[in-house]
Amino acid sequence: MIEQKDYNYKSVAALDAEWLPHRGVSDYWLIQARLYDAALPLAEYMLDISLHKQFAGLGSYFELYCGLGDIIGGIRHQARRYFSWPAAENGGIAIDAESILCGETLQLLDDGKAMALLLDTGEARLQLRLDKADEVLLGGKCRIELDGQRLGDQRLLGAASVNMPCAGRLRLGDKELRLTGAGAFIRSYGRMPLQQARFHWECFRLYLDDGRKYIFYEFPYAGHRAGIYIDKRNQPQRCDDFSVEYTDYTEIDEWRFAHTWYLKCDSHFPRQLYFLPLLKDQATLPTTHVMLGVYNYNAQRMGYAFAEAMPGARNELKKIPLKLYRDY
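Now for a description of the structure that goes with this document.

What counts and what doesn't
- Residues numbered from 1 in each chain as written.
- Predicted model: local features only at pLDDT ≥ 70, side-chain atom pairs only at ≥ 80, totals over all residues.
- Heavy atoms only, no water.
- Helix = DSSP H or I, 4+ residues; strand = E, 2+ residues; numbered from the N terminus.
- Buried < 20%, exposed > 50% of the residue type's maximum accessible area, 1.4 Å probe, protein only.
- Contact = heavy atoms within 4.5 Å.
- Areas by Shrake-Rupley, 256 points an atom, 1.4 Å probe, with all protein chains shown as cover.
- Pairing = 2+ DSSP bridges.

1. Let's talk about the overall build of the protein chain
Okay, so step 1: Tallying secondary structure elements over the protein chain gives one helix and 22 strands in all.
Okay, so step 2: Here the protein chain holds 328 residues, and the buried ones make up 54% of them.
Okay, so step 3: Considering only contacts in the protein chain between residues 6 or more positions apart, those separated by 24 or more positions represent 53%.
Okay, so step 4: For the protein chain, the accessible surface area stands at approximately 14,600 Å², while carbon and sulfur atoms represent 47% of it.

The following block contains the structure:
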């Protein structure tokens, strides 16, 4: 069973109040973390989980992506599942006020003070506790334009807990590790017609070592961008004076995805930053999720980032067929 709630575009509430999916709009649940082996601190792991409910009338669907990157070992364990809507209720996914269950792949429980996560990709099994931290309210109106023509105002609202202490166990084959680290939970929702390619984005979520955090959205074919800066006190500010350009790309079945970028944001960084993949061959269809290192002009690593590149971001199309999501 999937419980739902009404969508209120005028305001955004706290995480607990906005846990459930909303009627008539798209929804995102994101968990991202950097984890370390307690016995071997140099062993680094990155966790990226994305559950997306895309509202498209009779053709709506849920898309689940789970990635666990072993940075030192150069391996990414991942799982992806697709659920058509409303048949998803009978196809292995259930959502209520305290939990999200996606078959045997992902179980996420929230008791108000912490989240308990169980991830099983087949190759890796992760049990993780994420303690709640200060919340940040995110949201706003995106004015979307293409070739100078205004296409309409779309809203993407949300809330986040961006500094969550983590601890858990990871089993890789016959090896079991105790992990600690820090993570983030991001919950967003709103009217974004993602079957239209011009609304497809490249999104970058940066976690810098000095405590600063950024979220940058770039809509390459709509000529639109939006950014949020979260300072060391977890206070959000708009940060729209930036640009992100790709320097290299890869192709999968004739679909183009960027996988290295540089960022210009003069108000926060005197020189450009570079986003470089920490693992090889991360591009996947239909949506690519890339684990990145953030480097300055001296090639010093300043932190890490997660990139999400949608299929319409670098491919000149008008509409994205739902078949692309079902087939992968």
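2. Some thoughts on the environment of Gly-190
Okay, so step 1: Residue placement: Gly-190 occurs in strand β13 (residues 175-190).
Okay, so step 2: When its relative accessible area of 0% is taken as the criterion, Gly-190 is described as buried.
Okay, so step 3: Taking the C-alpha atoms as reference points, Gly-190 and Gly-24, 166 residues apart in sequence, are found 8.8 Å from one another.

3. A look at the pairing of strand β14 (residues 202-208)
Two faces, one strand: in a regular strand the side chains alternate between the faces of the sheet.
Okay, so step 1: Most of β14 is tucked away: seven of the seven residues are buried.
Okay, so step 2: Both faces of β14 are covered, namely the face carrying Glu-202, Phe-204, Leu-206 and Leu-208 and the face carrying Cys-203, Arg-205 and Tyr-207.
Okay, so step 3: Summarising the sheet, β14 and strand β15 (residues 213-219) pair through six bridges and their orientation is antiparallel. Paired with Cys-203 across the two strands is Tyr-217, which belongs to β15.
Okay, so step 4: The turn joining β14 and β15, which pair antiparallel and follow one another in sequence, is formed by four residues; a positive phi near 100° is taken by Gly-211.
Okay, so step 5: Bridge analysis of β14 against strand β22 (residues 301-309) gives seven bridges, and the strand direction is antiparallel. Within the sheet, the bridge partner assigned to Leu-206 lies in β22 and is Ala-305.

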